[in-house]
Amino acid sequence: MNILDMTAVGLAAAIKNKEVTVRQATEAVLAQIEEKEADFHCYVTVDKEGALKQAEEVQKKIDAGELDGPLAGVPVAIKDNMCTEGMLTTCSSKILGNFVPTFSSEAVLNLQKAGAVILGKTNMDEFAMGSTTETSAYGVTKNPWNPEHVPGGSSGGSAAAVAAGECFYALGSDTGGSIRQPASFCGVVGLKPTYGRVSRYGLIAYGSSLDQIGPLCKDVTDCAAIMEIIATHDLKDSTSVEQEDTDFTSALVDDVKGMRIGIPKDYFGEGLDPEVKDAVLKAAEVLKEKGAVVEEFDLSLVEYAIPTYYTIAAAEASSNLERFDGIKYGYRTEEYEGLHNMYKKSRSEGFGAEVKRRIMLGSFVLSSGYYDAYYLKALRVKALIKKAFDEAFAKYDVILGPVAPTTAPKLGESLSDPLKMYLGDIYTISVNLAGLPGLSMPCGIDSKGLPIGLQLIGDCFNEKKLIQTAYAYEKARGAFGRKEDK
Amino acid sequence: MAKQYETVIGLEVHVELATKTKIFCGCSTAFGGEPNTHTCPVCTGMPGSLPVLNKQVLEYAVAVGLATNCSITQYCKFDRKNYFYPDNPQNYQISQLYLPICRNGKVEIETENGRKFVGIHEIHMEEDAGKLIHDEWDDCSLVDYNRSGVPLIEIVSEPDMRSAEEVIAYLEKLRMTIQYLGASDCKLQEGSMRADVNLSIREVGAKEFGTRTEMKNLNSFKAIARAIEGETERQIDLLEAGEKVVQETRRWDDNKGESYAMRSKEDAQDYRYFPEPDLVPIVLDDAFLEEIRAKQPEFREEKMRRYKEEFDIPEYDIEIITGSKHMADIFEATVALGSQPKKVSNWLMVETLRLLKENAMDPEDIRFSPEHLAKLISLTDAKKVNSSVAKEVFEVMFNEDVDPEKYVEEKGLKTVNDEGALRKTVEDVIANNPQSVEDYRNGKEKAIGFLVGQTMKAMKGKADPSMVNQLLKELL
């Protein structure tokens with residue numbers, strides 16, 4: 001079997017059985033990067049030397065019996081908004097074009113402890129603001145299924161790298177759909193864990209109350225294995241919680257008999273592409289045939305999710321991004337007169353258009369006199385949305401729906417109409433507002449040859465039910481991948 | 001007839017808490033490290049870092065709240081205050097606006113005009129900023145983040161004070177309360193206690209408040225008193241001239257005795273406060289509050305009352321001793337070791353205060369232990385050292401906290417009570433000073449003083465003067 005066709009868990013097993021060395025795996029994936037980067041541009045930084053060096057070290061530990069986890073020796077890609085000690089971390093922004101962190105994010109450290117080989121940092125929408133990876137200051141990433149289309153975003157580089165075989169798995173972050181939507185567009189599995197599951201320490205914040213790190217990978221088994229490594233209680237992150245039920249791989253059971261699955265009617269209305277609708281409903285049918293109890297229900301407040309999200313996320317972002325001022329690190333303008341001029345010029349030149357738009361929006365909704373009408377009201381709606389989901393989870397184990405209204409749009413189609421781009425987040429955003437876990441996995445291919453995503457939403461800290469449902473569906477669905485690979 | 005005005009004052013007091021580590025990270029709060037040595041990614045605002053609340057800060061804030069009769073907010077939150085300045089590494093300060101930890105308190109103060117209550121609007125927790133150092137030679141500014149993240153509480157009073165005396169009494173009351181709690185050393189000069197004065201004037205009898213100004217840069221009680229007088233006059237002059245007081249922040253220059261405007265209300269920034277999403281809400285249960293309440297110390301007023309009942313020492317001594325929790329602790333511990341209260345009080349009131357003054361130290365800086373003071377007192381009680389030797393030993397003890405017994409032993413300072421040796425010396429002194437002996441015998445009583453002095457000198461100060469006196473009289 002070609003190394004690049006292996007899943008992460010499959011590769012680790014092959015390494016353990018001495019069929020493949022860590023170096024071989026690393027070299028294979030580096031060769032793939034070399035070959036494909038010109039087409040897809042998944043990475044901002046590729047650390048070839050570092051990866052080969054890590055490969056040697058990890059191999060030694062595996063040989064010495066110090067490392068025998070399910071992902072030991074597997075090369076991984078990290079979204080460029082997670083700090084990596086000594087490695088450029090740009091958030092795909094000019095303002096952090098020279099920023100090399102002094103510490104690594106907790107999720108990355110956990111992967112390294114488990115024997116991961118860090119390949120580099122993947123491209124993203126600038127500061128995770130965008131749904132196409134086109135707002136990156138370092139060029140657009142293209143969809144490996146069809147390079148005329150976007151990979152989705154903001155974790156587009158991570159999703160595309162997994163789809164193109166430029167890594168075996170990747171970490172992304174999801175504030176309003178940024179793992180699930182690119183996973184859907186690129187035909188890979190992505191999980192946005194429950195808020196508090198994975199430490200945010202070292203994740204450069206966009207919307208602090210919504211951000212969550214999660215895996216992008218080839219199948220559900222990999223997803224469960226990665227989650228077991230990155231779900232830890234971290235005392236450095238106050239919003240990280242004590243972990244229970246983290247034996248995610250124990251949920252890899254091909255059985256959904258009696259599983260109660262709810263389909264929100266509101267997710268299948270106007271704006272949903274008919275091909276996406278058909279594929280998602282067919283997936284529900286498959287689960288029903290396997291014994292799940294599937295029924296439709298009304299999930300209220302869906303239309304309020306987008307304005308609520310863009311109010312809260314922008315407000316937090318406007319404050320989170322204040323630290324990028326050109327004083328301590330990052331980009332500083334060449335010429336300036338005095339402090340305030342330096343701030344203004346550095347930030348005007350360092351941030352891109354979408355980031356500026358959200359900073360302005362966020363500053364506005366927090367302004368004196370508008371705070372109650374916008375921000376406070378958004379917080380109230382957020383609480384109501386959480387309540388609506390609580391009511392749904394009293395009846396259902398899992399909620400099933402589409403990830404996005406369409407498959408991947410063409411490059412350049414989205415940025416001209418930001419409002420339309422924002423509307424594309426309609427099915428993913430509520431999950432962040434309610435802090436829930438959401439899983440995206442491929443469930444079909446449309447007439448343009450682009451993958452369609454299925455979204456499974458669970459109650460807080462109920463990732464295992466998502467993994468179980470996804471695993472059962474995956475078994476029934478069968479192998480999934482780009483045509484050229486199969 | 002000239003109009004009669006009344007001054008209305010409210011205070012915002014910042015107090016630096018005495019925690020060992022910063023409010024949101026594990027860095028040291030110690031004063032005086034090399035620039036940027038007490039820092040980490042959190043307190044320098046590095047991307048990806050996150051704050052975690054230091055529980056001790058919460059305990060101190062609640063303790064101060066309970067001691068000032070506040071109601072404690074059992075579901076409280078932090079908020080971000082957004083403003084750009086290089087001493088503020090994140091360009092927002094983590095503070096509290098919407099749900100401060102303490103609200104609606106009051107403290108009783110006493111001035112020449114009697115007792116009154118000053119209301120406390122709220123107390124909130126926040127982080128301190130770094131320090132900017134402007135390099136005069138090189139056209140640049142440097143920033144030191146050692147202070148960044150040092151925990152502060154801000155105590156906001158109601159506009160209940162009417163004079164500089166009341167303000168000073170209120171500040172003294174706060175300082176004493178907080179020092180007794182051990183929550184801060186409250187030194188104005190060193191900036192661990194800072195007060196901003198909000199002041200307006202109105203005609204006596206008026207119901208509405210006048211337009212207020214906020215005065216900053218007040219580094220001593222004297223400066224505060226002068227600033228209040230100066231600002232009151234300035235505002236009266238404005239009104240008398242038919243002008244208006246402008247709502248603004250002013251900076252007091254204590255050397256010139258005048259203030260100047262820093263920024264007006266129109267320039268006031270919109271801080272865009274919102275709840276800090278990186279910190280979870282703080283939920284304080286009743287058991288936690290009870291725990292803090294149970295740890296509250298005996299405060300100054302209670303202590304003064306008890307001293308009056310328990311110890312036979314002057315009221316003035318009581319006032320001075322209880323004026324510092326540390327000094328009161330030393331007093332009580334020394335008495336508990338068996339020393340007579342009056343004697344302990346004397347050592348504190350005379351020698352200790354003298355040495356503190358000479359060394360420009362505060363009572364909080366006293367280093368000698370109650371055990372050593374008790375030993376010194378028992379040495380003098382047993383006449384093992386005379387009073388001048390005792391003072392000498394005390395000074396060494398004050399500086400180095402030596403054990404007086406060992407010190408006296410090692411330096412051979414013990415009073416010679418061996419009558420044989422003393423009698424011999426006295427006989428020599430009589431033999432060598434015939435003129436004085438003659439004078440004494442002729443009725444010049446004073447002459448004996450000279451002979452005592454000569455004997456003490458011969459004994460290198462280690463004799464009991466009364467014993468010398470007695471022997472001289474006997475032998476003459």
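This structure is a prediction, so every number in the text was calculated from the model and none was measured. (Residues numbered from 1 in each chain as written. Chains lettered and ligands numbered in written order. Predicted model: local features only at pLDDT ≥ 70, side-chain atom pairs only at ≥ 80, totals over all residues.)

A. The arrangement of the overall build of chain A in detail. When helices and strands are counted, chain A shows 15 helices and 11 strands. Against the globule reference of 23 Å for 486 residues, chain A gives a C-alpha radius of gyration of 21 Å, in line with a compact fold. Projected onto its principal axes, the C-alpha coordinates of chain A cover approximately 65 × 55 × 45 Å. Taking contacts inside chain A between residues at least 6 apart in sequence as the whole, the part at least 24 apart equals 76%. (Helix = DSSP H or I, 4+ residues; strand = E, 2+ residues; numbered from the N terminus. Rg over C-alpha atoms; globule rule 2.2 N^0.38 Å. Contact = placed C-beta atoms within 7 Å.)

B. Looking closely at the overall build of chain B. Scanning chain B for helices and strands turns up 15 helices and 16 strands. For 476 residues, the compact-globule estimate of 2.2 N^0.38 gives 23 Å, and the C-alpha radius of gyration of chain B, at 30 Å, exceeds that figure by more than 25%. With the C-alpha coordinates of chain B rotated into their principal frame, the extents come out at 90 × 65 × 55 Å. Taking all 476 residues of chain B together, 38% fall into the buried category. (Buried ≥ 20, exposed ≤ 12 C-beta atoms within 10 Å, placed from the backbone.)

C. View of the interface of chain A and chain B. Contacts between chain A and chain B engage 31 residues on the former and 22 residues on the latter. Of all the elements in the fold, those that place two or more residues in the side of chain A that touches chain B are α9 (305-320) and α11 (353-366) of chain A. Sort the elements by how many residues they give to the side of chain A that touches chain B and α9 of chain A lands first, with three residues. Among the residues making up the side of chain A that touches chain B, the classes are represented as 12 nonpolar, 11 polar and eight charged. (Nonpolar A, V, L, I, M, F, W, Y, C, P; charged D, E, K, R; others polar.)

D. Structural detail: the sheet that holds strand β15 (residues 274-275) of chain B. Residue and element names in this part refer to chain B. Taken in spatial order, the three strands line up as β5-β4-β15 in an open sheet, and their pairing is antiparallel. Where the open sheet ends on each side, the last strands, each with one partner, are β5 (92-95) and β15. When strand β4 (residues 79-82) meets β5, the two strands line up antiparallel, connected through four bridges. Considered in β5, the bridge of Lys81 is made with Gln93. (Pairing = 2+ DSSP bridges.)

E. Expanded view of the domain arrangement of chain B. Residues and elements named next belong to chain B. Split into domains, chain B comes out as domain 1 (5-288), domain 2 (299-411) and domain 3 (419-475). For domain 1 versus domain 2, the distance between C-alpha centres works out to 36 Å. Facing the six residues of domain 1 at the interface are four residues of domain 2. At four residues, the largest contribution of residues to the side of domain 1 that touches domain 2 is made by helix α2 (residues 164-181). Tallied by class, residues from the side of domain 1 that touches domain 2 come to three nonpolar, two polar and one charged. (Domains from an automatic or database assignment.)

F. Representation of the pairing of strand β9 (residues 398-402) of chain A within the structure. Residues and elements named next belong to chain A. Within β9, five of the five residues are buried, which leaves it mostly tucked inside the rest of the structure. The pairing of strand β7 (residues 260-264) with β9 spans two bridges and is parallel. Considered in β9, the bridge of Ile261 is made with Val398. Examined bridge by bridge, β9 and strand β11 (residues 451-458) share five bridges and lie antiparallel to one another. When the bridges of β11 are listed, Val398 appears paired with Gly458.

G. Region of interest: the nonpolar core. In this structure, Val76, Val162 and Tyr169 of chain A are the most contacted members of the largest nonpolar core, which totals 152 residues. Apart from residues no more than four positions distant in its own chain, Tyr169 of chain A is found in contact with Ala8, Val74, Val76, Val162, Pro215, Leu216, Cys217, Asp222 and Ile226 of chain A. One finds Ile120, Leu171, Cys186 and Leu218 of chain B within the second-largest nonpolar core, a separate group that totals 61 residues. (Core = buried A, V, L, I, M, F, W, Y, C linked by C-beta atoms within 7 Å.)

H. Broad picture of the environment of Phe117 of chain B. Residue and element names in this part refer to chain B. Residue position: Phe117 is located in strand β7 (residues 114-127). A count of 13 C-beta atoms within 10 Å places Phe117 in the partly exposed class. Along the primary structure Phe117 and Lys295 are separated by 178 residues, whereas in three dimensions their C-alpha atoms are 25 Å apart. In this structure Phe117 touches Lys106 and Glu108, once residues within four positions along its chain are discounted.

I. Local environment of helix α15 (residues 463-477) of chain A. Residue and element names in this part refer to chain A. Along its 15 residues, α15 runs 20 Å from first to last C-alpha, staying within 8% of the 21 Å computed at 1.5 Å per residue. Among the 15 residues that make up α15, 12 are buried, leaving the element largely enclosed by the rest of the structure. Along α15, the positions that sit buried rather than exposed are Glu463, Lys464, Lys465, Leu466, Ile467, Gln468, Thr469, Ala470, Tyr471, Ala472, Tyr473 and Glu474. The elements touched by buried residues of α15 are α7 (220-230), α8 (274-289), β9, β10 (438-445) and β11. Directly beyond the C-terminal end of α15, a positive phi value near 90° is found at Gly478. (Expected span 1.5 Å × (residues − 1).)

J. Molecular detail of the environment of Ser104 of chain A. All names here are of chain A. If you trace the backbone, Ser104 turns up in the loop between β2 (75-79) and α4 (106-113). Distance in space between the C-alpha atoms of Ser104 and Cys83 is 4.9 Å, their sequence separation being 21 residues. In this structure Ser104 touches Cys83, Thr84, Glu85, Leu109 and Gly202, once residues within four positions along its chain are discounted.

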